[in-house]
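Below, each chain spelled out in residue letters.
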Amino acid sequence: MTALDPRPLTGEPVSLDLLNTRWMADGVRQDLLTGPEGLHIWLASNGLDRRFPADAAALEHVLSAREALAAAVGVPGGTAGIEGVNAVLDHGRIRATLTPEGPGEVAEFENPSWGAAWMAARDYLDLLRTAPDRIRGCAHEACILHFFDTSRNGTRRWCSMAACGNRAKASRHYAKAREV
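All of the points below concern the structure found in this document. (Residues numbered from 1 in each chain as written. Predicted model: local features only at pLDDT ≥ 70, side-chain atom pairs only at ≥ 80, totals over all residues. Heavy atoms only, no water.)

**Details of helix α3 (residues 56–74)**
Here is step 1: The first and last C-alpha atoms of α3 sit 27 Å apart over 19 residues, in line with the 27 Å expected at 1.5 Å per residue.
Here is step 2: Every buried residue of α3 is accounted for by Ala 58, Leu 59, His 61, Val 62, Ala 65, Arg 66, Ala 68, Leu 69, Ala 72 and Val 73. (Helix = DSSP H or I, 4+ residues; strand = E, 2+ residues; numbered from the N terminus. Expected span 1.5 Å × (residues − 1). Buried < 20%, exposed > 50% of the residue type's maximum accessible area, 1.4 Å probe, protein only.)

**Observations concerning helix α2 (residues 36–45)**
Here is step 1: All buried positions along α2 are accounted for by Gly 38, Leu 39, Ile 41, Trp 42 and Leu 43.
Here is step 2: Of the surrounding elements, those touching the buried residues of α2 are α1 (14–19), α3 and α5 (115–130).
Here is step 3: Immediately downstream of α2, the backbone of Gly 47 shows phi near 70°, a positive value. (Contact = heavy atoms within 4.5 Å.)

**Thoughts on the packing of aromatic side chains**
Here is step 1: Applying the stated rule across the entire model yields two aromatic pairs.
Here is step 2: The interplanar angle of 75° and the centroid separation of 5.5 Å between the aromatic rings of Phe 52 and Phe 109 together place this pair among those described as edge-to-face. With Phe 52 in the loop between α2 and α3 and Phe 109 in strand β4 (residues 102–109), this pair connects stretches of sequence that are 57 residues apart.
Here is step 3: Note that Arg 156 overlies the ring of Phe 147, its terminal NZ or CZ placed 4.0 Å from the centroid. (Phe/Tyr/Trp six-rings, centres within 6.5 Å; stacked < 30°, edge-to-face > 60°. Lys NZ or Arg CZ within 6 Å of the ring centre and 35° of its normal.)

**So, the environment of Ala 162**
Here is step 1: Residue placement: Ala 162 occurs in helix α6 (residues 161–179).
Here is step 2: On the basis of relative accessibility, which here comes to 63%, the residue Ala 162 falls in the exposed class.
Here is step 3: Put simply, Ala 162 and His 91 are 71 residues apart on the chain and 39 Å apart in space, counted from C-alpha to C-alpha.

**A closer look at the packing of helix α4 (residues 79–89) against α5**
Here is step 1: Taken N-terminus to C-terminus, the directions of α4 and α5 make an angle of 130°; their axes are 8 Å apart at the nearest point. Considered as vectors, α4 and α5 are oriented oblique to each other. In this structure, α4 meets α5 at a crossing whose hand is left-handed. Contact residues: Val 85, Val 88 and Leu 89 in α4; Ala 117, Trp 118, Ala 121, Arg 122, Tyr 124 and Leu 125 in α5. (Axes fitted to C-alpha atoms, helices over the stretch in contact; angles between N-to-C directions. Parallel < 35°, antiparallel > 145°, perpendicular 65-115°, else oblique. Left-handed = near helix turned anticlockwise from the far one by under 90°.)

Here it is, written out as structure tokens:
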């Protein structure tokens, strides 16, 4: 039985969900990926637990991917992010196939322990192809979470309106009340 995912934001595309394995709680940085147990929780949350191992080697590779993605998202187009993501992508490839349903693709890895890390890096490329301007960090100054803005007008600012959005509104209201 997989333990429950303790993170405040889940369900983002796998690349951003990997970044969200670090979050803030009561001013203290949390990290889901401190061991294979946390890796298993993350894999299960993304439907990858049956495809990829949750062992020490896979954890090391996923942590490398997380650092590469953090660099890429933090400084879009920056050398560190590009090199880091490419280093992860070097461990897998897409093989074109023909299936009874038509054309298909199969991801292949030099070592299965690279699978989840590679999938996260590949997902980031897909987000860049789709809408790079919609890859966002939460606008709340105390939040380190990321999301892919799927709002119709593309103006989402908060990882969660219920959490960070409400805190920001409450802070503004409190500041205005103190001015009076």
